[in-house]
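# Chains, contacts and geometry: an overview
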Amino acid sequence: SISYFLDGKQLASGSVDKTVRRWDVETSIVKTFHGHSGEIRCIDMSADVMLLASGSIDSTARIWSLDTGKLVAGPFESAAWGHEGWLRLISYVPCGKQMISVSDDKVVRRWGLQAGREI
């Protein structure tokens, strides 16, 4: 999966090698984010371009700082508050305080990012 920054000079990608990458098109600098145990199937950037959400076949969603590459929240995962299948879509709600995830388990979930759990 891939997502372009609004400035058109950077992009983010999710990969089968279980990483998320931030690419600077002009300098060719790549920042790699590690943490998922399965390939990344979907990503989305926050409106302020500070955070990146990723969804994986490991049935988890994670939120990363685009600046540092460090995990900010998550994993949002199975058990009482998660999906039982791999994530097909992840999207920030325009307010930036919630996220939507859609999984192969045919369930749509809305997550409160500060609380780190399903709403």
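We now turn to the structure provided with this report. Note that the structure is predicted; figures quoted are calculated from it, not measured.

The next point concerns the sheet that holds strand 10 (residues 98-103). The strand order across the open sheet formed by 4 strands is 9-10-11-12, and the pairing between neighbours is antiparallel. Strands at the two margins of the open sheet, each flanked by one partner only, are strand 9 (87-92) and strand 12 (117-118). Direction of pairing for strand 11 (residues 108-112) relative to strand 12: antiparallel, over a ladder of 2 bridges. Paired with Gly112 across the bridge in strand 12 is Arg117.

So, about the sheet that holds strand 3 (residues 19-24). Spatially, 1-2-3-4 is the arrangement adopted by the 4 strands of the open sheet, whose pairing is antiparallel. The outermost strands of the open sheet, each flanked by one partner alone, are strand 1 (2-4) and strand 4 (30-34). Across this sheet, the average inter-strand angle for adjacent strands is 15°, counted without regard to direction. Of the pairings in the sheet, the one linking strand 2 (residues 10-14) to strand 3 comprises 5 bridges and is antiparallel in character. Residue pairing for strand 3: Ala12 is matched across the bridge by Arg22.

The next point concerns the packing of aromatic side chains. The tally for this structure, following the rule as stated, stands at 1 aromatic pair. Taking the centre distance of 5.7 Å and the plane angle of 35° together, the rings of Phe33 and Trp64 count as tilted. Residue Phe33 is located in strand 4, and its partner Trp64 is located in strand 7 (residues 61-65); the two are separated by 31 residues in the primary sequence. Its relative accessible area of 1% is what places Phe33 among the buried residues.

Take the environment of Leu52 next. Within the fold, Leu52 resides in strand 6 (residues 51-56). Note on Leu52: relative accessible area 0%, which makes it buried. A sequence separation of 11 residues divides Leu52 from Ile63, and the C-alpha atoms of the two residues are 5.6 Å apart. Apart from the residues lying within four places of it in its own chain, the contact partners of Leu52 are Ala12, Val20, Phe33, Ile43, Asp44, Met45, Arg62, Ile63, Trp64, Leu66 and Tyr92.

So, how was this worked out
Residues numbered from 1 in each chain as written. Predicted model: local features only at pLDDT ≥ 70, side-chain atom pairs only at ≥ 80, totals over all residues. Heavy atoms only, no water. Pairing = 2+ DSSP bridges. Helix = DSSP H or I, 4+ residues; strand = E, 2+ residues; numbered from the N terminus. Axes fitted to C-alpha atoms, helices over the stretch in contact; angles between N-to-C directions. Phe/Tyr/Trp six-rings, centres within 6.5 Å; stacked < 30°, edge-to-face > 60°. Buried < 20%, exposed > 50% of the residue type's maximum accessible area, 1.4 Å probe, protein only. Contact = heavy atoms within 4.5 Å.

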